[in-house]
Protein chains: 2
Amino acid sequence: MSEILVVGSLAYDSIETPSGKVDRALGGSANYFSLAASLFSKVRVVGVVGEDYDQKDYDLLNNRGVDLAGLSKVPGKTFHWAGSYEGDLNEAKTLKTDLNVFADFNPQLPEHFKDSSFVFLANIAPELQLQVLEQVKSPKFVGMDTMNFWISIKKDKLIDVLKKVDLVLINEGEAKMLTGAANAISAAPLITAMGPKAVVIKRGEYGFAMYTKDEGYFILPAMPIPTVVDPTGAGDTFAGGFFGYLAAQKEVPTIANLKQACIMGSMMASHTIQDFSVKALAKVTLGDLEKRLTEYKKVITV
Amino acid sequence: MSEILVVGSLAYDSIETPSGKVDRALGGSANYFSLAASLFSKVRVVGVVGEDYDQKDYDLLNNRGVDLAGLSKVPGKTFHWAGSYEGDLNEAKTLKTDLNVFADFNPQLPEHFKDSSFVFLANIAPELQLQVLEQVKSPKFVGMDTMNFWISIKKDKLIDVLKKVDLVLINEGEAKMLTGAANAISAAPLITAMGPKAVVIKRGEYGFAMYTKDEGYFILPAMPIPTVVDPTGAGDTFAGGFFGYLAAQKEVPTIANLKQACIMGSMMASHTIQDFSVKALAKVTLGDLEKRLTEYKKVITV
């Protein structure tokens, strides 16, 4: 088993959906990612929190064996995001973003993090993604995510990061925005042309579309979930399940492994959306995943 | 092989998409359906056209062995629809609807149509769907489509039709509108609760979700098509491929047949969208479908 280094946000989220609302519940890409990935592999977190960060939120990851040596606590408040979802829950409306301690985030890797084999650069400023990547000695497999904000204001820097990664995990809307393509299918090869060998386009309730330079498209639907309580963190959970599965395999990622990783990410994300914040995700066991996978196979089997 | 009776529109469409435009090109649900279904099975059309309906458009179906005895030509002009698509082409903007001869459509079945085993009630007024169904003696399998217009103004009548059919093929947006559900997954069982044993929700570029009372969900993505030229008729083509395949099987539709029918409908629709009007569809051969099916299986195979 190889270690996965993740850099991303640790946050408190205030979320409203048709199912209800939560105030300052645990969130952030690094939290969702780590909870998902740690079911399969050792995870190392690089991030920053404020003085208000709750001990039980540290413990949640500590208890899963996640290495928090790269998590600094600094004066000030933890990153806070407030958003709401309506109707089909496909898009969040951001009500408030308080960067707080995240505004001066300067990611420094503890010495023992620098030999990490797998690296996931969650959605943070492209310069910081590069800064982290430069500190890792010889990663075996590097993935990244991004968002519309960075595509609109730091596209050049973002393209520099794209050149250095093996895989991009990105939302459908952001894949179209990044490439100017009309749909995910035409966006995918334009993204791999920017550098990465593979791209996984996350399509929310519709599942995912992976495209690899070597093998083309691999596309499957999402697990059917009648009631989506809160879609926040589904994409980061997908990435966590994906990387957790990959890092637990013996070989350098093969196409077959990448396909299984997509499915594992998708199964994991199908849990996250069934409750607010990390509530459902934190309870998922390998047994739950196995069971859902069996149901899923029935759904997609001809 | 059993005969399929289809009632629907025969039209001339004026369409504009990012790929270009066509004026008064052949369209209408019955045309798309018949072209697709006739690759597999005998098709009988019930519909109405005006004096401007071109002989070559009759010939297109005649040459495929489609029985046009139920197609009446009456004084006036053929139904005309004008629409445009933008961006991701997921939704048509209707610019003009001239019902013309369609306004007084009074579907009467020729005597030899009344023993049809398979019936497809394409998107027309629910009363007319019922009127057609009442003239068929003992159909083995009946399917229907509908649209937002009928859901908003004739929902009660529509629900009467739903009680009498085996299967509904419906767009995702319309499935949500009909049921008030937030997504296709929760809409599906609400639709089968209205009567039909099965519902196939058409999700455009995302594929389809079938739900049957007996076996639950069967969901697959669409064939990846990088450049969608014109999505008009994709849903009717899906229905045509679906029914054409079903009617060509020996057994009364089984779950396994319904699943294959979905895939066949989807492969057929993936051709339709690659050119304007029926241009691509009219050229598709069983060999083309076989080839595309092989490519598709590669895309969805783990």
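The structure we're discussing is the one just above.
Residues numbered from 1 in each chain as written. Chains lettered and ligands numbered in written order. Predicted model: local features only at pLDDT ≥ 70, side-chain atom pairs only at ≥ 80, totals over all residues. Heavy atoms only, no water.

Here we look at the overall build of chain A
Then, number 1: Of regular secondary structure, chain A possesses eleven helices and 13 strands.
Then, number 2: Here the C-alpha radius of gyration of chain A, 18 Å, is about what a compact globule of 302 residues would show, namely 19 Å.
Then, number 3: Summarising its shape, the C-alpha atoms of chain A cover approximately 55 × 45 × 35 Å along the three principal directions.
Then, number 4: For chain A, contacts bridging at least 24 residues in sequence account for 63% of all contacts bridging at least 6.
Then, number 5: Only carbon and sulfur atoms are counted for the fraction: they give 51% of the accessible area of chain A, which is about 11,500 Å².
Then, number 6: Taking the average place of the 31 positive charges on the side chains of chain A and the average place of its 35 negative ones, the gap between the two points comes to 3 Å. (Helix = DSSP H or I, 4+ residues; strand = E, 2+ residues; numbered from the N terminus. Rg over C-alpha atoms; globule rule 2.2 N^0.38 Å. Contact = heavy atoms within 4.5 Å. Areas by Shrake-Rupley, 256 points an atom, 1.4 Å probe, with all protein chains shown as cover. Lys, Arg positive; Asp, Glu negative; His and termini not counted. Charge placed at Lys NZ, Arg CZ, Asp CG, Glu CD.)

Some remarks on the relation of the copies chain A and chain B
Then, number 1: In the superposition of chain A on chain B (RMSD 0.0 Å, axial shift 0.0 Å), the rotation amounts to 180°. When the rotation and shift are considered jointly, the pair of chain copies conforms to a two-fold rotation axis.
Then, number 2: Looking at chain A, 100% of its interface residues are interface residues in chain B too, so the copies touch through the same face. (Least-squares fit on C-alpha atoms with pLDDT ≥ 70 in both.)

Here's the deal with the interface of chain A and chain B
Then, number 1: Between chain A and chain B, the contact holds 28 residues from the first and 28 residues from the second.
Then, number 2: Across the interface of chain A and chain B, roughly 2,600 Å² is buried in total on both sides, 58% from carbon and sulfur atoms.
Then, number 3: In terms of surface lost to chain B, no three residues of chain A exceed A:Tyr206, A:Ile219 and A:Val302, which account for 22% of the buried area on that side.
Then, number 4: At the surface where chain A touches chain B, the tally comes to two salt bridges.
Then, number 5: At the boundary of chain A and chain B, one finds ten residue pairs in polar contact (both at pLDDT 80 or more).
Then, number 6: At the level of elements, α6 (172-179), α7 (184-192), β13 (216-220), α9 (255-272) and α11 (286-300) of chain A are the ones that each hand at least two residues to the side of chain A that touches chain B.
Then, number 7: Among the elements that line the side of chain A that touches chain B, the one with the most residues is β13(A), at four residues.
Then, number 8: Classifying every residue of the side of chain A that touches chain B gives 15 nonpolar, five polar and eight charged. (Buried area = accessible area lost by both parts, 1.4 Å probe. Salt bridge = Lys/Arg side-chain N within 4 Å of Asp/Glu carboxyl O. Polar contact = N/O pair within 3.5 Å; in protein donor to acceptor, adjacent residues only side chain to side chain. Nonpolar A, V, L, I, M, F, W, Y, C, P; charged D, E, K, R; others polar.)

Here we look at unusual backbone geometry
Glycine aside, a negative phi is what most residues show, and trans is what most peptide bonds show.
All names here are of chain B.
Then, number 1: The backbone of Arg24 shows a phi angle near 45°, a positive value even though the residue is not glycine.
Then, number 2: Position of Arg24 relative to the elements: it lies in strand β3 (residues 20-27).
Then, number 3: Looking at Arg24, the relative accessible area reads 37%, which means it is partly exposed.
Then, number 4: At Ser277, a position not held by glycine, the phi torsion is positive, near 55°.
Then, number 5: Considering the arrangement of structural elements, one finds Ser277 in the loop between α9 (255-272) and α10 (279-283).
Then, number 6: We classify Ser277 as buried; its relative accessible area is 5%. (Buried < 20%, exposed > 50% of the residue type's maximum accessible area, 1.4 Å probe, protein only.)

Quick word on the packing of aromatic side chains
All names here are of chain A.
Then, number 1: This structure, assessed with the given rule, holds 33 aromatic pairs over all chains.
Then, number 2: Taken together, a centroid distance of 6.0 Å and an interplanar angle of 50° make the contact between Phe33 and Phe243 tilted. In this pair, Phe33 sits in helix α1 (residues 29-37) while Phe243 sits in helix α8 (residues 234-247), placing the two residues 210 residues apart along the sequence. Across this residue pair, the class does not change: Phe33 and Phe243 are buried. (Phe/Tyr/Trp six-rings, centres within 6.5 Å; stacked < 30°, edge-to-face > 60°.)

Focus on the nonpolar core
Then, number 1: A:Leu121, A:Phe242, A:Phe243, B:Leu121, B:Phe242 and B:Phe243 are the most contacted members of the largest nonpolar core, which has 210 residues in total.
Then, number 2: Ignoring any residue separated from it by four or fewer positions in sequence, one finds B:Phe242 in contact with B:Leu167, B:Val200, B:Leu258, B:Ala261, B:Cys262 and B:Gly265. (Core = buried A, V, L, I, M, F, W, Y, C linked by side-chain atoms within 4.5 Å.)

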